[in-house]
Amino acid sequence: MSSDQVHLGHRARKRFGQNFLNDPYIIDGIVSAINPRPGQNLVEIGPGLGAITEPVGKMVDKFTVIELDRDLAERLRNHPDLADKLTIHEGDAMRFDFTQLLKENNKLRIFGNLPYNISTPLIFHLLSFHEHVEDMHFMLQKEVVNRLAAGPGSKAYGRLTVMTQYYCRVMPVLEVPPESFKPAPKVDSAVVRLTPYETLPHPCTNLKWLDRVCREGFNQRRKTIRNCYKSLMTGEQLEALGINPSMRPENLTLEQFVTMANWLDANHVK
């Protein structure tokens, strides 16, 4: 037998990053945090063996799931309690167009236990639909939740932090120990709530520039801001924007990153 583990007749697959939640106390905490209500536009990514899907199904009449694993999608299609409630999209959430789930005046509420190997690119993908989303609740590696919630000047603060906080309020909700899963992962997990802003607090005129100043800054953390961005702007220009060029990029706030991006966009520096 392979190193994959069999659980409820399903073998956890390493290539899908599968770890199945089986702690009733934690499951109850996650479902309470999501607080699903009938009539809401609920979408679960990667329902797996239904640890969260089943209790959510007891609280609502209809919702949508996106599942990559064909066997698990089939299991849900034949589930005695869920089959009639679920709309099942079989495929990869990273390539999924979430606009196809839109309903009038009913924003998406997205949740899931995200596979660790794809959590960061999947969050970036979901942020592109931010204006259609009411909130998102995800179980992630604790280290990823720390990065999402970090403030300037900390090691965890990086491009993921800035791009997520640009769009969303970030609220860590619950810590989850490895023994809450089968097979137990080698890392701690945590649940986070991301709530997209109705109105962006620091709007950027061109996101390409925001992405660029983040990449260049966080790829060269040890350099000063002056040296990091010298191909783009002078120390005097930075000072004119209220930015201290002798600090490091990881000390810049979201607002300062946006200020630089908007200046670069307005001044057409290529």
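The shown structure was predicted, so the numbers you read here are calculated from the model rather than taken from an experiment. (Residues numbered from 1 in each chain as written. Predicted model: local features only at pLDDT ≥ 70, side-chain atom pairs only at ≥ 80, totals over all residues. Heavy atoms only, no water.)

Peer 1: So, the domain arrangement of the protein chain: which residues are in play, and what are the values?
Peer 2: Domain parsing of the protein chain yields domain 1 (6-196) and domain 2 (207-268). On a C-alpha basis, the centroid separation for the pair domain 1 and domain 2 is 33 Å. Taken together, the 12 residues of domain 1 in the interface contact 14 residues of domain 2. Where domain 1 abuts domain 2, roughly 1100 Å² becomes buried across the two surfaces, and 65% of that area is made up of carbon and sulfur atoms. Where domain 1 touches domain 2, the interface holds one salt bridge. Linking D211 and R159 is a salt bridge whose minimum nitrogen-to-oxygen distance equals 2.8 Å. (Domains from an automatic or database assignment. Contact = heavy atoms within 4.5 Å. Buried area = accessible area lost by both parts, 1.4 Å probe. Salt bridge = Lys/Arg side-chain N within 4 Å of Asp/Glu carboxyl O.)

Peer 1: Could you give an account of the UniProt feature "binding site: S-adenosyl-L-methionine" (unreviewed entry) in the protein chain, naming the residues involved and the relevant values?
Peer 2: In the UniProt entry, the feature "binding site: S-adenosyl-L-methionine" (unreviewed entry) is given for N19, L21, G46, E67, D92 and N113. Mapped onto the elements of the fold, N19 is located in the loop between β2 (10-11) and β3 (20-21). Look past the residues within four positions of N19 in its chain and what remains in contact with it is N113, F181, K182, P183, A184 and P185. Mapping N113 onto the fold places it in strand β7 (residues 108-113). N113 has contacts with N19, I45, G46, M139 and F181, leaving out every residue within four places of it along the chain. (UniProt positions renumbered as here; feature names shortened; annotations may be inferred. Helix = DSSP H or I, 4+ residues; strand = E, 2+ residues; numbered from the N terminus.)

Peer 1: Could you give an account of the UniProt feature "domain: Ribosomal RNA adenine methylase transferase N-terminal" (unreviewed entry) in the protein chain, with specific residues and numbers?
Peer 2: Under the local residue numbering, the UniProt record ascribes the feature "domain: Ribosomal RNA adenine methylase transferase N-terminal" (unreviewed entry) to residues 26-198. For residues 26-198, helix accounts for 29% and strand for 28%, while the C-alpha atoms at its two ends are 30 Å apart.

Peer 1: So what about the sheet that holds strand β4 (residues 41-45)? Which residues, and what values?
Peer 2: Across the sheet, seven strands lie side by side as β6-β5-β4-β7-β8-β11-β9; this open sheet has mixed pairing. Only two strands of the sheet have a single partner each, and these edge strands are β6 (86-90) and β9 (168-176). Adjacent strand axes in the sheet meet at a mean angle of 20 degrees, parallel and antiparallel pairs treated alike. Looking at chain direction, β4 and strand β5 (residues 63-67) are connected through three bridges and run parallel. Considered in β5, the bridge of V43 is made with T64. Along the sheet face, helix α4 (residues 119-127) touches β4, β7, β8 (133-141) and β9 and points at about 175 degrees away from the line of β8. Running at roughly 135 degrees to β8, helix α5 (residues 142-149) makes contact with β8, β9 and β11 (189-196) of the sheet. (Pairing = 2+ DSSP bridges. Axes fitted to C-alpha atoms, helices over the stretch in contact; angles between N-to-C directions.)

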